[in-house]
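Survey of secondary and tertiary structure
These are the residues of each chain, in order.
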Amino acid sequence: MKQPLQSQTTSFKLPQFNRWGFSIVVIALLMALPILVIASFIFQPSNENWQHLFDNLLSEYVINSLLLMLGVSVGVLTMGVITAWLTSMCEFPFRRSFSWALLLPLAIPAYIIAYTYTGLFDFSGPIQSQLRDWFGWEYGDYWFPEVRSVGGAIAMLSLVLYPYVYMMSRAAFLEQSICVLEVSRTLGNTPLNSFLKVALPLARPAIVTGLSLALMETLADFGTVQYFGVDTFTTGIFRTWFGMGDSGTAAKLSAVLLSFVFALIMLERWSRSRARFHHTSNKYSRIKRFELTGFRAFLAFFACLLPVFLGLSCPHYNY
């Protein structure tokens, strides 16, 4: 006897509502709301103030900002990477003290040391006054570097922002595979060659991350560039908003500045995407540091002392 055919039904399960994922998206949108609002001003109609800035001042803002970024990049990379390598991989007098003292300039705002060094190196300051007394010079008889300039702003920002690169670089150097460094030594590489050919390429993602943080601080700085008379996006934003009373045009300038920040974020993400070159080892052993003696030890000591003295001791004493 034939059995009746039973209809087979297919059950569909509705996707479960992910409350945590939804909450994260909402919180992220709320946090990003100010940035999205500023970015939206790019599509707003332009007025006379924006046209004036675009025709006369925007190129100066871009050039000065790029010069600051380039100069600060050279400064923080030079001081941060070299001191990180010396304190992590070399042995010389006061290495342990420098390993934490090199972080301290980050606690001093850039405009504080800008005021300090302007007072020291200005025409009426103690250094130029003493030089005139010694050599009998008058105004115009000699050349002296101008502190309140783009170069001066680069120097001030580099002295307080290099700890970003120093922290990231030193952590990368300490986490690198000891086996790789030991193989480099057995192949006859000098400490300098090991640094250039092995340690530096492995630490590249961490170094770029620290550099990105330093450059974001550079773009956001207002006190130093305002005091030194360097026109950048930050000074233009404040001048347009509070001087002209035009918040819309100031928001447009902020949106252009955001494009620089976005480029830095993309650069940092690109460096992390290539993190496969950042090799670490699960085998931890005591680092066999390079013993520096004589003149080399003095150079390492001086290289670590100079950023601390210029970025912390000298401004603190004179301020």
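Please read these numbers as outputs of a predicted model, since none were measured by experiment.

Using the criterion set out here, one finds 19 aromatic pairs in the structure. Between Phe222 and Phe238, the aromatic rings sit 4.2 Å apart at their centres with planes inclined by 25°, giving stacked as the arrangement. In this pair, Phe222 is assigned in the loop between α10 (204-220) and α11 (223-228) and Phe238 in helix α12 (residues 233-243), connecting sequence segments 16 residues apart. On the basis of relative accessibility, which here comes to 27%, the residue Phe222 falls in the partly exposed class. Taken together, Tyr111, Tyr115, Tyr227 and Phe228 form an aromatic cluster joined through their ring pairs. The residue whose ring lies beneath Arg132 is Phe123, and the NZ or CZ to ring-centre distance is 4.0 Å. Its guanidinium or amino end placed over the ring of Trp50, Lys252 lies 5.6 Å from that ring's centre, counting from NZ or CZ.

Applying the stated criterion across every chain, the model contains 0 disulfides. Here Cys90 is not cross-linked by a disulfide; its sulfur's nearest cysteine counterpart is in Cys304, at 8.9 Å.

Counting through the fold element by element, Phe309 comes out in helix α14 (residues 294-318). Taking the relative accessible area as the measure of exposure, Phe309 reaches 42% and is therefore partly exposed. Among all residues touching Phe309, those that are not within four sequence positions of it are Tyr117, Cys314 and Pro315.

With respect to the secondary-structure elements, Ser169 resides in helix α7 (residues 150-175). Here Ser169 falls in the buried class, since its relative accessible area comes to 0%. Sequence-distant contacts of Ser169, defined by excluding residues within four places in its chain, comprise Val81, Ala84 and Ile207.

Where helix α3 (residues 58-89) contacts α7, the two axes come as close as 5 Å, and the packing angle between them is 40°. Classified by the angle their axes make, α3 and α7 are oblique. For α3 against α7, the interelement crossing comes out right-handed. Considering only residue class, the contact of α3 with α7 consists of 21 nonpolar, 9 polar and 1 charged.

Locating Tyr115 in the fold gives a position in helix α5 (residues 110-121). For Tyr115, a relative accessible area of 36% puts it in the partly exposed group. In this structure the C-alpha to C-alpha distance between Tyr115 and Phe228, which are 113 residues apart in sequence, comes to 9.4 Å.

About the thresholds
Residues numbered from 1 in each chain as written. Predicted model: local features only at pLDDT ≥ 70, side-chain atom pairs only at ≥ 80, totals over all residues. Heavy atoms only, no water. Phe/Tyr/Trp six-rings, centres within 6.5 Å; stacked < 30°, edge-to-face > 60°. Helix = DSSP H or I, 4+ residues; strand = E, 2+ residues; numbered from the N terminus. Buried < 20%, exposed > 50% of the residue type's maximum accessible area, 1.4 Å probe, protein only. Lys NZ or Arg CZ within 6 Å of the ring centre and 35° of its normal. Disulfide = S-S within 2.5 Å. Contact = heavy atoms within 4.5 Å. Axes fitted to C-alpha atoms, helices over the stretch in contact; angles between N-to-C directions. Parallel < 35°, antiparallel > 145°, perpendicular 65-115°, else oblique. Left-handed = near helix turned anticlockwise from the far one by under 90°. Nonpolar A, V, L, I, M, F, W, Y, C, P; charged D, E, K, R; others polar.

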